[in-house]
Each structure stands twice: as C-alpha cells, then as structure tokens.
Amino acid sequence: METTKLYPVGRALVGVLFLASGINKIIGFGYVAGWMNSLGIPAAGLLLAGAILLEVGGGLALVTGIQAKYAALALALFTVPVTLIFHGFWHADAAEFQNQLNHFLKNVAVFGGLLALFDFERQRATSAARVNVLRSRAA
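Just so it is clear, the model here is predicted, and its values are computed rather than measured.

Quick notes on the rules
- Residues numbered from 1 in each chain as written.
- Predicted model: local features only at pLDDT ≥ 70, side-chain atom pairs only at ≥ 80, totals over all residues.
- Heavy atoms only, no water.
- UniProt positions renumbered as here; feature names shortened; annotations may be inferred.
- Helix = DSSP H or I, 4+ residues; strand = E, 2+ residues; numbered from the N terminus.
- Axes fitted to C-alpha atoms, helices over the stretch in contact; angles between N-to-C directions.
- Parallel < 35°, antiparallel > 145°, perpendicular 65-115°, else oblique.
- Left-handed = near helix turned anticlockwise from the far one by under 90°.
- Contact = heavy atoms within 4.5 Å.
- Nonpolar A, V, L, I, M, F, W, Y, C, P; charged D, E, K, R; others polar.
- Expected span 1.5 Å × (residues − 1).
- Buried < 20%, exposed > 50% of the residue type's maximum accessible area, 1.4 Å probe, protein only.
- Arc of directions from axis to C-beta.
- Salt bridge = Lys/Arg side-chain N within 4 Å of Asp/Glu carboxyl O.
- Polar contact = N/O pair within 3.5 Å; in protein donor to acceptor, adjacent residues only side chain to side chain.

Right, let's get into the UniProt feature "transmembrane region" (unreviewed entry) in the chain. Within this structure's numbering, the places UniProt gives as "transmembrane region" (unreviewed entry) are residues 12–33, 39–63 and 70–92. The distance separating the terminal C-alpha atoms of residues 39–63 is 32 Å; by composition the span is 80% helix and 0% strand. Between the C-alpha atoms that bound residues 70–92 there is a distance of 33 Å. The span itself is 74% helix and 0% strand.

Structural data, given as structure tokens:
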C-alpha cells in the first residue's frame, strides 16, 4: 500500500492532540482528579493516571508511527466513553449546551479519524506481510 508524505504528517497531528491532552492532565492532575470526583467518577485518580498513560503513550505512538495501528484503536475505544461521560450535551444547561455539543462533535470527528488511521495501518500491515511472503517464496 502506497502512502504520500501527507499521511505521516496527518497521523502525527492526530497524535499531538492526545499527547498535549495527556501532558495537560499531568500538569493539572489535582484539578482534573477533583473535577472527575465532583462528577461522581469512582477511583478518579487511578482512572486519570490510566488516561494519562494512554494519551501520552498513544499520542507518541501516532507521532512516531510505532505501533500506530494499536494506538489508534486504543485511543478510538477510549474516546467513546470519555465523550459520553464528559460531553453529554443532552444534560447541559442552556449556558453550556453549545460548548458541550461542540466538544461532543469534535470527539466524534476524532473518533472517525482514529478509525480511519486504524484501518489504514491495518491494511498497510497486511500488504507488508503479503510482500514478505512473496519475497520468501522467491528466495
């Protein structure tokens, strides 16, 4: 499967979104954990630590292209509950409705992009495996 020079740039830019988010959670750990607790989320500190590891690790994987297929899938799966829990515009008051709807729709778009990255990386790995089989038969 042939790629252009734009694909790794696009993949890296998606990764930067998660990398920056994870770093911001590290910097504001106490604030974010407190916010999560106020929403009634159990074991907020532990879940936050896991989110940080996933966002920083997954973001770095997308930026570098190392294990990008698995990173894209893990981040896509992570995005679904995060979006439903933290950006439920249907529960927002009138003042917050538009903001939460915007965050919800942004996350839906990011989810779609991550699925596309996963599928592309999966196809690329399958193509590479086929080429290796053909090379080994020819040798």
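A few words now on the packing of helix H2 (residues 29–38) against helix H3 (residues 44–64). At a closest axis distance of 9 Å, the pairing of H2 and H3 adopts a crossing angle of 125 degrees. Accordingly, the angle class assigned to the pair H2 and H3 is oblique. Relative to H3, the crossing made by H2 is right-handed. Two secondary-structure elements touch here, H2 through Phe29, Val32, Ala33, Met36 and Asn37 and H3 through Ala44, Gly45, Leu47, Leu48, Ala49 and Ile52. Split by residue class, the contact of H2 with H3 holds 9 nonpolar, 2 polar and no charged.

In this model, helix H1 (residues 6–27) (22 residues) spans 31 Å end to end at C-alpha, consistent with the 32 Å of a helix rising 1.5 Å per residue. Buried within H1 are the following residues: Tyr7, Arg11, Ala12, Gly15, Phe18, Leu19, Gly22 and Lys25. Looking straight down H1, one finds its buried side chains confined to an arc of 135 degrees; they lie on one side. Opposite the buried face of H1, at more than 90 degrees from it, the exposed residues are Leu6, Leu13, Asn24 and Ile27.

Attention now moves to unusual backbone geometry. The backbone phi angle of Ala43 is positive, close to 50 degrees, even though this residue is not glycine. Position of Ala43 relative to the elements: it lies in the loop between H2 and H3. Judged by its relative accessible area of 47%, Ala43 is partly exposed. Despite not being glycine, Gln67 has its phi angle at roughly 55 degrees, a positive value.

Attention shifts here to the pattern of salt bridges. For the structure on display, the rule yields 4 salt bridges. Between Lys25 and Glu55 there is a salt bridge, with its nearest N and O atoms 3.1 Å apart. Note that Lys25 is positioned in helix H1 and Glu55 in helix H3, a separation of 30 residues in sequence. Both residues of the pair, Lys25 and Glu55, count as buried. What emerges from the salt-bridge pattern is a single network uniting Arg11, Glu121 and Arg124.

To continue, consider the side chain of Lys25. Among the polar contacts made by the side chain of Lys25, one reaches the side chain of Ser21 at a distance of 2.8 Å. A distance of 3.1 Å separates the side chain of Lys25 from the side chain of Glu55, its partner in a polar contact. For Lys25, the residues in contact, after removing those within four places along its chain, are Leu48, Ile52 and Glu55.

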